[in-house]
Amino acid sequence: MMLEFGFGQGVERVEVPQDNLLGVLTPNQVELGLTGEAEVRRALEEPIGAPRLRDMLRPGEKIAIVTSDVTRPMPTWQVMGPLLDELEAAGVRDQDVTLVFALGSHRKHTPQEMARLAGPQAMGRIRCMDSDPEDCVSFGRTSRGTPVDITRVVAQADRRICLGNIEYHYFAGYSGGGKALMPGVSTRSAIQENHRMMVQEEACAGRLAGNPLREDIEEAAAMVGIDFILNVVLDEHKRIVKAVAGDQVAAHRAGCAFLDKFYLKRIPRRADIVLVSQGGAPKDINLYQTQKALDNAKHAVKEGGVVVLMGSCKEGLGEKTFEQWMTSAPTAHSMIERIGREFQLGGHKAAAIAMVLEKAQIYLVSEMEPDFVKSLFLVPFPTAQQAFDAAMARLGPQATVLAMPYGGSTLPRVTGDETGAG
């Protein structure tokens, strides 16, 4: 059976013997209603747990719209038209609206990236800018001690509207909701305090109830105040198949419930070999982002198995601290020991990779130099087919295989195992 996996702007193909294949984890068949911009307009007309924006907002109010940066697939350009129409119906002037790209700990955008993310309508009508972690307003600390420091233009707005796409997140449970503020427009030190909780067992993909990290995010968001969210769920082609709008918790929960129907994948057992991709650009722009697919794949691979991880990583590792940890560690295990005594944002993803290496080998198909990949404790291959063939040679002709073409989105769960359930 010939399988295709997104890789940068192209694809990687792997031929897998049918008898070895346990399954291809693609989205579940879900009956869809409206899609795309029409679905966004429907969600804005039918908010969950909040009034319509046109009934909530008042002329003269300063509005901050917070949305995702270039490392996320959120189609901001597609939702801004309906959103600006709703603001206009409320009497809000364009000069009172600012679109803020939530950088978190990521790099700033180029002007071209900013224009592509916002879309021509927003760029031509309202102010668009990156968040600034050096210019923040403090709202105090959460009950868990996380400083709530929010970029000034968002903190001082009269109204805050948060955008985002909802997908599984390996320690926040799900993306979306209050994550637009924390970590989106927070300081590095605040993000670090929040993410420190990732080492707790309850901080895992697909879990909301009792997830300390998600609860901290939502406490911080409540302290700042989110007036309205507009979140979307994307299919494997990055098409909007569901939109939710309204209260930052109630609407987000509705979006998460839809995501589970779409992307939670029951599997009969773990496989010897897992073939996994982020699905291509922009999700595999660097190893820092590609790691998300790896973390979902770990739930599908047997002890002693192989994960064939496909990601362009054309920008290399993608984050300075992550790079420092990955390139300076004497052993993979040392990164796990280090995160236990010295939590650092960026280092947390290095430790997460090391934790997968404790149970399985990782064969990496990327655009990075082979010798460099070897220095990261990963096994480099020029093509996915060669990586798969090597895994079969290592594990034998009866090795079982699971394929995850959209690894960052699909969450495998062995039937009967409810660990991490939301």
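One structure accompanies this document, and this report is about it.

### Description of the pattern of salt bridges
Close approach of charged atoms allows side chains of opposite charge to pair.
1) Next: For the coordinates displayed, the defined rule picks out 26 salt bridges.
2) Next: Close ionic contact of glutamate 46 with arginine 42 constitutes a salt bridge, the shortest N to O distance being 2.8 Å.
3) Next: Glutamate 46 sits in the partly exposed class, given a relative accessible area of 46%.
4) Next: Between arginine 93 and aspartate 96 there is a salt bridge whose closest N-O contact spans 3.0 Å.
5) Next: Each member of the salt-bridge network shares a partner with another, and the members are Glu37, Arg41 and Asp85.

### Topic: the nonpolar core
1) Next: Ranked by internal contacts, the top residues of the largest apolar core, which has 84 residues, are Leu181 and Leu287.
2) Next: Apart from the residues lying within four places of it in its own chain, the contact partners of leucine 287 are Leu309, Cys313, Gly316, Leu317, Phe322, Ile353, Leu376 and Leu378.
3) Next: Counting residues in each nonpolar core, the second largest holds 36 residues, with Ala43, Val70, Leu163 and Leu230 among its members.

### A few points about the sheet that holds strand β4 (residues 63-68)
1) Next: The strand order β6-β5-β4-β9-β12-β13 describes an open sheet built from six strands, whose pairing is mixed. The open sheet terminates on both sides in strands that have one partner only, identified here as β6 (127-130) and β13 (240-246). Adjacent strand axes in the sheet meet at a mean angle of 20 degrees, parallel and antiparallel pairs treated alike.
2) Next: By the bridge criterion, six bridges tie strand β12 (residues 228-234) to β13 in an arrangement that is antiparallel. Looking at the pairing, valine 232 lines up with alanine 243 of β13.
3) Next: Sitting on the sheet, helix α9 (residues 250-263) touches β12 and β13, and the angle it makes with β12 is about 5 degrees.

### A few points about the packing of helix α3 (residues 76-89) against helix α4 (residues 111-118)
1) Next: Axis separation between α3 and α4 bottoms out at 6 Å; the angle between their running directions is 55 degrees. Considering the angle they form, α3 stands oblique to α4. On α4, the residues that touch Thr76, Trp77 and Met80 of α3 are Arg116, Leu117 and Ala118.
2) Next: For the contact of α3 with α4, the class distribution of residues is four nonpolar, one polar and one charged.

### Here's the deal with the pairing of strand β15 (residues 271-277)
Sheet faces and side chains relate simply in a regular strand, where the side chains alternate between the two faces.
1) Next: Taking burial as the measure, the seven residues of β15 include seven buried ones, the bulk of the element.
2) Next: In this structure, β15 lies alongside strand β16 (residues 301-310), joined through six bridges in parallel fashion. Directly across from isoleucine 273, in β16, lies its bridge partner valine 306.
3) Next: Read from β15 through helix α10 (residues 287-297) to β16, the crossover connection turns out right-handed.

### Regarding the sheet that holds strand β3 (residues 21-24)
1) Next: An order of β3-β19-β15-β16-β17-β18 is seen for the six strands of this open sheet, with the pairing classed as parallel. Two strands in the sheet have a free side with no partner beyond their single neighbour: β3 and β18 (379-381). Ignoring strand direction, the axes of neighbouring strands in this sheet form an average angle of 20 degrees.
2) Next: Relative to strand β19 (residues 401-404), β3 runs parallel, the two being bridged by three bridges. In the strand pairing of β19, leucine 21 is matched with valine 401.
3) Next: Sheet strands touched by α10: β15, β16, β17 (360-365) and β19. Its angle to β16, the strand with the most contacts, is close to 145 degrees.
4) Next: Sheet strands in contact with helix α15 (residues 384-395) are β15, β16, β17, β18 and β19, and its direction is about 165 degrees off that of β16.

### Here we look at the state of the cysteines
A disulfide bridge is the covalent bond that connects two cysteines by way of their sulfur atoms.
1) Next: Counted under the stated rule, the structure contains zero disulfides.
2) Next: Free of any disulfide, cysteine 128 has its nearest neighbouring cysteine sulfur in cysteine 162, separated by 16 Å.
3) Next: Here cysteine 256 stays free of any disulfide, with the sulfur of cysteine 204 as its closest cysteine sulfur at 13 Å.

### Concerning the packing of helix α11 (residues 320-328) against helix α12 (residues 332-341)
1) Next: Two elements in contact, α11 and α12, have axes separated by 9 Å at closest approach and are oriented at 130 degrees. Relative to α12, the element α11 lies oblique. Classified by chirality, the crossing of α12 by α11 is right-handed. When α11 is examined against α12, the residues Gln324, Trp325, Met326 and Ser328 are found in contact with a partner set consisting of Met335, Arg338 and Ile339.
2) Next: Looking at the contact of α11 with α12, its residues break down into four nonpolar, two polar and one charged.

Conventions we followed
Residues numbered from 1 in each chain as written. Predicted model: local features only at pLDDT ≥ 70, side-chain atom pairs only at ≥ 80, totals over all residues. Heavy atoms only, no water. Salt bridge = Lys/Arg side-chain N within 4 Å of Asp/Glu carboxyl O. Buried < 20%, exposed > 50% of the residue type's maximum accessible area, 1.4 Å probe, protein only. Core = buried A, V, L, I, M, F, W, Y, C linked by side-chain atoms within 4.5 Å. Contact = heavy atoms within 4.5 Å. Pairing = 2+ DSSP bridges. Helix = DSSP H or I, 4+ residues; strand = E, 2+ residues; numbered from the N terminus. Axes fitted to C-alpha atoms, helices over the stretch in contact; angles between N-to-C directions. Parallel < 35°, antiparallel > 145°, perpendicular 65-115°, else oblique. Nonpolar A, V, L, I, M, F, W, Y, C, P; charged D, E, K, R; others polar. Right-handed = clockwise from strand over helix to strand, strands pointing away. Disulfide = S-S within 2.5 Å. Left-handed = near helix turned anticlockwise from the far one by under 90°.

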